[in-house]
Amino acid sequence: MITKEMCQIVSHKEIAADIFELTVKANFVGQIKAPGQFVHIRVSNGWDPLLRRPISISSFDKKKNQFTMIYRKEGKGTQLLSQLDTGEVVDILGPLGNGFPVGEVDKGQIALLVGGGIGVPPLYELSKQLTEKGVIVKHVFGFQSESDVFYEKEFSNYGETIVTTVDGSYGVKGLVTDVIKSLSFDCIFTCGPTPMLRAIKQEYSNKKVFLSIEERMGCGIGACFACVCKTGNDPSGNSYKKICSDGPVFRAEEVLI
Amino acid sequence: MITKEMCQIVSHKEIAADIFELTVKANFVGQIKAPGQFVHIRVSNGWDPLLRRPISISSFDKKKNQFTMIYRKEGKGTQLLSQLDTGEVVDILGPLGNGFPVGEVDKGQIALLVGGGIGVPPLYELSKQLTEKGVIVKHVFGFQSESDVFYEKEFSNYGETIVTTVDGSYGVKGLVTDVIKSLSFDCIFTCGPTPMLRAIKQEYSNKKVFLSIEERMGCGIGACFACVCKTGNDPSGNSYKKICSDGPVFRAEEVLI
Amino acid sequence: MNRLNVELPGLKLKNPIMPASGCFGFGREYSQLYDLNLLGAIMIKATTVETRFGNPTPRVAETHAGMLNAIGLQNPGLDKVISEELPWLSQYNVPIIANVAGSVEEEYVEVAREISKSPNVHALELNISCPNVKTGGIAFGTIPEVAKQLTRKVKEVSEVPVYVKLSPNVTNIVEMAKAVEAGGADGLSMINTLVGMKIDIKTGKPILANRTGGLSGPAIKPIAIRMIYEVSQVTNLPIIGMGGIQSAEDVIEFFYAGASAVAVGTANFVDPFVCPSIIEQLPELLEKLGFDHISECTGRSWKQNGQLAYHRS
Amino acid sequence: MNRLNVELPGLKLKNPIMPASGCFGFGREYSQLYDLNLLGAIMIKATTVETRFGNPTPRVAETHAGMLNAIGLQNPGLDKVISEELPWLSQYNVPIIANVAGSVEEEYVEVAREISKSPNVHALELNISCPNVKTGGIAFGTIPEVAKQLTRKVKEVSEVPVYVKLSPNVTNIVEMAKAVEAGGADGLSMINTLVGMKIDIKTGKPILANRTGGLSGPAIKPIAIRMIYEVSQVTNLPIIGMGGIQSAEDVIEFFYAGASAVAVGTANFVDPFVCPSIIEQLPELLEKLGFDHISECTGRSWKQNGQLAYHRS
Ligand SMILES: Cc1cc2nc3c(=O)[nH]c(=O)nc-3n(C[C@H](O)[C@H](O)[C@H](O)COP(=O)(O)OP(=O)(O)OC[C@H]3O[C@@H](n4cnc5c(N)ncnc54)[C@H](O)[C@@H]3O)c2cc1C
Ligand SMILES: Cc1cc2nc3c(=O)[nH]c(=O)nc-3n(C[C@H](O)[C@H](O)[C@H](O)COP(=O)(O)OP(=O)(O)OC[C@H]3O[C@@H](n4cnc5c(N)ncnc54)[C@H](O)[C@@H]3O)c2cc1C
Ligand SMILES: Cc1cc2nc3c(=O)[nH]c(=O)nc-3n(C[C@H](O)[C@H](O)[C@H](O)COP(=O)(O)O)c2cc1C
Ligand SMILES: Cc1cc2nc3c(=O)[nH]c(=O)nc-3n(C[C@H](O)[C@H](O)[C@H](O)COP(=O)(O)O)c2cc1C
Ligand code: FES
Ligand code: FES
């Protein structure tokens, strides 16, 4: 069930440069099915900015009816969002889309979670659930620079966590793709910039790979065809997946990116 | 000097049904020249609503660098304005226009101040200044209904105050024009809906009458020609006054309304 | 007292509020959120003969109080719409207005002929105004003679009344309206989107992969109102108005301008419950404004002394 | 490093930012707020041969992220502009672009001939696009042949370069641009306002006394950007871009689209200091984006690999 709810802010803080962690109360938390689902947030009561912003659910607590998001303050909408205080309410539509299939990896197997920048957050709940299940979890996260890094300690609670930065100011200098070459694992769950997803998809076509993709959205629920991508292995070129309602998580071979 | 200033709200409260009294700190208070001048308020940081709202200065305190406005919560802009709290800041352009000429009435003479609805506020500072000068002040104010009445007590401090309501729920039932017929006075200062101003102008063409007129505005400073009115006694029909910069207060015979 | 029921050619509507084409798919998604029976009608996504993938992504960009889209008529194709979407929609007691699109005249004609046979399709909306496809759409929507010709051809084959959807990207909207009226249109729907563009400040390139897109949302409302005001005074066709509607007040404004029903597009993305909310709020607003029935509002802005509206249900 | 100086026909500008015609009067009011010498140029209010009162009030109405105006070319008339306004403006070291309007060809020609003799008028802006006057304006702005003819006539008498101001209310903006280029225009200014309307929900009547008005402000920016993008690729004329500009980022977007200078209209009403603020912020923004000079931005959205802008100062 998709719900539109006025959600009260439980906590809201900046956890890295322009990176905010936002926790809200929502009755629809009970409806969340898998890590990697997202919500669609209305950032103002007016009509400018007009569209909702899609933000991933990074963790949730069904007992408390709370969930947490982590987002980067970028443009007009997230800037407005970042000004909201604890106690205020925000109009959220969710939960949306299909998340990471925790069932696809077995106890004792090794899952590699690869995140780039603001693609890291949805992997947090995933890591938690995989760990609870007895899966061995490894994390490789890429950021631009030291000041962008967040949640390293939190992820370390669940498994080995390697951080790379483009400028080398923290962790390993370079891209996540350089680092994963040296790791062993049974499957990959990844979320981040498209070039990163593309590289991983290409390199590991022999492994189970699950990608979470981003695209500019209109409705967020599958009605407007704004967020489609072509499906893999379709000679006609006409078949498609809607990222908002079929995804945002896909098996790598399902989609062309 | 016209100034654009981020003014801090000192107090903000609802004083009648949908009527708000807003007091702010502003360095430009020192620049205010006469009662009846106004300011142009930006009600949001965004671009919807786009235009500033013109609101009269109802009183000011040069020592404290504060001034007060009284406005009715009507449309989108004043609704947003009414949500601001003490301590918040609001972007105000002012002081604008030319106010009521206190010098036009002498000590001991009788000035009749006639206000309709939200036209009442600018008369408050006027009443104060006239009284200080030794002018005898009488007030006649028209409102729709009992719940719309405000500042009756405040005005009573300066002189006789007669309130009329259209529905008769408070004071005299009827229009202000009915009441003034029975009063004696040397000159009229009035602000309110155009039909009221027009009636007064017509009825008292033999007296000194000063009107404060309203019109929809763009710039508020005389540059855009949005707020013009035709001048009286102009056979060409081409001469005009700008309400924002030549007015909003005019001698009745100066303008066609 | 039912203040909202209206009757237009082919359409007996419990209320004059419907989602606009392309902003509501074929109804499945919004049916998860509320009962579609609440709606006056549904304008379904443009249908073409063949399946179309549409334009590359990004397909949407936000602008001030508006958005650009360049979906490019993506749709499952005529066969699938007839065999899957329309039968699914028939579980609801809501008339469907089928948006008909194509690249050439024959394609429009084929879609119109076939889709108008579906029992729950009560009217067609002839989409001669899509700004986001390279062929077809735009020429049909900007040259009066071409529009008239196409309308006539479609009317010949359609089993239900035909509403022609006008493009605002023209010098003279009245001329277009009169042309399609002469071509036999039963009604008008207006307006489609205005062609616009947004450029990414960082990359220097247009945000939309298609570069240009159609501007919709509150930003275009004044243009829609003006065009409906102009057109409603000079044709006898009922108008389904659209362009930036987001509230019950907006609906009244469109009626005042000359509309007899309205469609809500972009606002569904902002508030997915906008259609049922408006439907709920309208009776009270009409009461406040002193109208017994919404049809009394049609054309008020140009009628003398509130003379009764022309298209009274 | 001066990143902002640009050169266009007749105009050697310290920066490419100027207030748009009609939104700045003749400069007197804004001169109370800041030093007009900061501006790149000033586009003064439309001037006609005779004094004009313009339309009845209300003349403005607010819309979502925009406004409508129907001033109706109110101005003191040619004589007064030449004898009072321009001499007053000559105290500033700022080139003036005189906006020329009229009801018939002869009127445009007379205003152009006389006003172009004023020493501080460095260019004319031929206003063939005012939507708010019953005669003149709109026909000149929507029929290519008429626009070309008028441009030619004005060019014959003008002592300074002529920029033609295009109306967005046309089916084909490219055709209009090419017509005035063929007529001898030295540059283009675009866009003027879009015709729109707002109806008062309480009275049922249009808010503007003139009923329709011109839509300006952020709402129309995507349309301006699209039109400049289209036109700049097919003419050799430099473009002064306008339509919803309110920030330094917007200026860059207009340059990317194809503008070589820009004008700011409605935003002056929202923030009277918007022009000097933008001028102050631009160098830093250019630095951040990696440009040595603002001219490098012109046409970036359609040029391959950022090839040097055509109209480099
Ligand atoms: C399924 C999904 C999950 C996401 N999860 C997260 C998350 O957990 N944390 C996070 O920081 N970001 C996330 N994003 C990206 C986030 O949606 C954008 O950063 C955000 O919408 C930008 O809005 P803005 O107001 O900052 O920028 P603006 O520039 O004002 O945005 C303008 C418009 O473009 C859209 N837009 C801009 N950038 C993007 C983008 N990268 N992806 C999609 N739309 C975009 C906006 O939604 C808006 O409609 C996610 C995106 C998707 C599709
Ligand atoms: C010189 C002057 C002094 C004023 N002083 C006061 C005052 O002291 N107290 C007070 O309550 N009101 C005053 N008004 C009226 C006040 O400006 C409007 O009530 C207010 O602008 C309405 O804005 P809104 O956001 O409520 O309405 P909206 O409907 O959202 O306004 C839309 C647009 O129309 C304009 N507008 C709407 N109604 C009016 C109106 N009556 N006059 C001018 N513009 C209007 C708005 O400014 C805005 O641009 C004054 C008007 C003028 C011209
Ligand atoms: C994402 C999107 C897709 C659209 N697709 C179609 C379409 O397929 N056929 C059509 O006639 N109009 C289409 N439109 C136009 C709308 O039906 C409507 O005419 C326009 O958006 C103006 O209304 P609005 O401002 O309420 O959105 C589309 C609009 C949007 C925003
Ligand atoms: C109040 C007002 C008056 C205007 N008067 C004129 C005018 O006299 N001549 C003209 O060419 N354009 C006139 N315009 C149009 C502007 O110059 C400009 O082209 C348009 O407003 C778009 O820019 P903006 O969105 O920045 O306002 C006027 C615009 C406004 C808002
Ligand atoms: S955002 Fe509308 S279909 Fe995905
Ligand atoms: S509001 Fe611009 S001249 Fe008065």
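A quick note: this is a predicted structure, and the numbers were derived from the prediction, not measured. (Residues numbered from 1 in each chain as written. Chains lettered and ligands numbered in written order. Predicted model: local features only at pLDDT ≥ 70, side-chain atom pairs only at ≥ 80, totals over all residues. Heavy atoms only, no water.)

Taken as a whole and judged by the stated rule, the model has 50 salt bridges over all chains. A salt bridge links K165 of chain C to E125 of chain C; the shortest N-O distance between them is 3.8 Å. You can see K165 of chain C sitting in strand β9 (residues 162–165) and its partner E125 of chain C sitting in strand β8 (residues 121–127), a full 40 residues away along the chain. The residues K165 of chain C and E125 of chain C share a single accessibility class, namely buried. D186 of chain D is the salt-bridge partner of K155 of chain D, the closest N and O atoms lying 2.8 Å from each other. Of this pair, K155 of chain D sits in helix α5 (residues 144–157) while D186 of chain D sits in the loop between α6 (173–182) and β10 (187–190); the two residues are 31 residues apart in sequence, bridging distant segments of the chain. The partly exposed category is assigned to K155 of chain D, whose relative accessible area is 28%. One salt-bridge network, held together by shared partners, links K4, R52 and D91 of chain A. (Salt bridge = Lys/Arg side-chain N within 4 Å of Asp/Glu carboxyl O. Helix = DSSP H or I, 4+ residues; strand = E, 2+ residues; numbered from the N terminus. Buried < 20%, exposed > 50% of the residue type's maximum accessible area, 1.4 Å probe, protein only.)

This part covers the site of ligand 2. Residues in close proximity to ligand 2 total 20 residues, the closest being P54, G75, G77, T78 and I118 of chain B. This site is not confined to one chain, since residues near ligand 2 come from chains B and D. For ligand 2, a nitrogen atom lies 2.9 Å from a polar atom in the backbone of I70 of chain B. Contact distances for ligand 2 include 2.8 Å between an oxygen atom and a side-chain N or O atom of R216 of chain B. Contact with the protein chains removes 86% of the 830 Å² of surface that ligand 2 exposes when unbound. Listed by contribution, the elements that provide at least two residues to the shell around ligand 2 are β4 (53–56), β6 (66–72) and α1 (76–82) of chain B. The leading source of residues in the shell around ligand 2 is β4 of chain B, at four residues. Across the shell around ligand 2, the residue classes break down as eight nonpolar, four polar and eight charged. (Near = heavy atom within 4 Å. Polar contact = N/O pair within 3.5 Å; in protein donor to acceptor, adjacent residues only side chain to side chain. Areas by Shrake-Rupley, 256 points an atom, 1.4 Å probe, with all protein chains shown as cover. Nonpolar A, V, L, I, M, F, W, Y, C, P; charged D, E, K, R; others polar.)

The next point concerns the side chain of K45 of chain C. Relative to the helices and strands, K45 of chain C is located in strand β4 (residues 42–47). Buried and without a salt bridge, K45 of chain C has E125 of chain C as its closest oppositely charged side chain, separated by 10 Å. (Lys, Arg positive; Asp, Glu negative; His and termini not counted.)

All names here are of chain A. Per the UniProt record, the feature "binding site: [2Fe-2S] cluster" (unreviewed entry) sits at C219, C224, C227 and C244. What stands out for the annotated residues spanning 26 residues is how close their C-alpha atoms remain, the widest pair being 10.2 Å apart. Its place among the elements puts C227 in the loop between β13 (208–212) and β14 (228–230). Taking the relative accessible area as the measure of exposure, C227 reaches 3% and is therefore buried. Setting aside anything within four residues of it in sequence, one finds C227 in contact with E215, R216, M217, K241, K242, I243 and C244. (UniProt positions renumbered as here; feature names shortened; annotations may be inferred. Contact = heavy atoms within 4.5 Å.)

For the rest of this paragraph, the subject is the interface of chain C and chain D. Often, the extent of an interface is quoted as the loss of accessible area upon association of its parts. Facing the 39 residues of chain C at the interface are 40 residues of chain D. Both faces considered, chain C and chain D share a buried interface measuring about 3300 Å² in area, 65% of it formed by carbon and sulfur atoms. Here chain C is connected to chain D by zero salt bridges. Inspection of the chain C/chain D interface yields 19 residue pairs in polar contact (both at pLDDT 80 or more). Going through the elements one at a time, β11 (194–197), β12 (212–216), α7 (221–232) and α8 (248–257) of chain C are the ones with two or more residues in the side of chain C that touches chain D. When grouped by side-chain class, the residues that make up the side of chain C that touches chain D number 20 nonpolar, 10 polar and nine charged. (Buried area = accessible area lost by both parts, 1.4 Å probe.)

Okay, the pairing of strand β14 (residues 261–264) of chain D next. Residue and element names in this part refer to chain D. Here β14 shows a buried face lined by A261 and A263 and a second buried face lined by V262 and V264. Across three bridges, strand β3 (residues 17–19) lies against β14 in parallel orientation. By the bridge assignment, M18 is partnered in β14 with A263. Where strand β13 (residues 239–241) meets β14, two bridges bridge the pair, whose relative direction is parallel. Of the residues in β14, the one forming a bridge with G241 is V262. (Pairing = 2+ DSSP bridges.)

A separate point is the UniProt feature "binding site: FAD" (unreviewed entry) in chain A. Residue and element names in this part refer to chain A. UniProt's entry tags R53, P54, I55, S56, I70, Y71, R72, G77 and T78 with the feature "binding site: FAD" (unreviewed entry), counted in the numbering of this structure. As for its placement among the helices and strands, S56 is situated in strand β4 (residues 53–56). When neighbours within four sequence positions are excluded, S56 is seen to be in contact with Q37, F38, T68, M69 and P122. Leaving out residues up to four positions away in the same chain, Y71 has contacts with H12, D18, I19, F20, L22, I55, T78, L81, S82 and I118.

Let us look at the packing of helix α6 (residues 173–182) of chain C against α7 of chain C. Residues and elements named next belong to chain C. Axis separation between α6 and α7 bottoms out at 9 Å; the angle between their running directions is 50°. Looking at the two axes, α6 sits oblique to α7. α6 and α7 meet at a crossing whose hand is right-handed. Counting all contacts with α6, which are made through I173, V174 and A177, the residues of α7 involved are R226, M227, E230 and V231. Residues of the contact of α6 with α7, tallied by class, amount to five nonpolar, no polar and two charged. (Axes fitted to C-alpha atoms, helices over the stretch in contact; angles between N-to-C directions. Parallel < 35°, antiparallel > 145°, perpendicular 65-115°, else oblique. Left-handed = near helix turned anticlockwise from the far one by under 90°.)

To continue, consider the nonpolar core. Nonpolar side chains tend to gather and get buried jointly when the protein is soluble and globular. Grouped together as the largest cluster of nonpolar side chains are 300 residues, with contacts concentrated most on Y30, L124 and I240 of chain C together with Y30, L124 and I240 of chain D. Apart from the residues lying within four places of it in its own chain, the contact partners of L124 of chain D are I97, A98, V100, A112, I115, S116, V154, S158, V160, P161, V162 and Y163 of chain D. (Core = buried A, V, L, I, M, F, W, Y, C linked by side-chain atoms within 4.5 Å.)

Attention shifts here to the environment of E280 of chain C. Residue and element names in this part refer to chain C. Assignment of secondary structure puts E280 in helix α10 (residues 274–289). Among the residues examined, E280 registers a relative accessible area of 65% and is labelled exposed. Distance in space between the C-alpha atoms of E280 and G141 is 35 Å, their sequence separation being 139 residues.

Before going further, it helps to examine the packing of α8 of chain C against α10 of chain C. Residue and element names in this part refer to chain C. Interhelical geometry of α8 versus α10 gives an angle of 65° and a closest axis separation of 9 Å. Read as a crossing pair, α8 and α10 show a hand that is right-handed. Facing α8, whose interface residues are A248, E249, V251, I252 and Y256, α10 presents I278, Q281, L282, L285, L286 and L289. Considered class by class, the residues forming the contact of α8 with α10 number nine nonpolar, one polar and one charged.

It is worth spelling out α5 of chain D at this point. Residues and elements named next belong to chain D. In this model α5 runs 21 Å from its N-terminal to its C-terminal C-alpha over 14 residues, within 8% of the 20 Å that 1.5 Å per residue would give. Among all positions of α5, only A147, L150, T151 and V154 are buried. The arc that holds every buried residue of α5, seen down its axis, measures 105°, which confines them to one face. (Expected span 1.5 Å × (residues − 1). Arc of directions from axis to C-beta.)

Residue and element names in this part refer to chain B. Summarising the element assignment, T190 is placed in strand β12 (residues 187–191). Of the residues examined, T190 reaches a relative accessible area of 0% and is grouped as buried. A distance of 2.8 Å separates the side chain of T190 from the backbone oxygen of V114, its partner in a polar contact.

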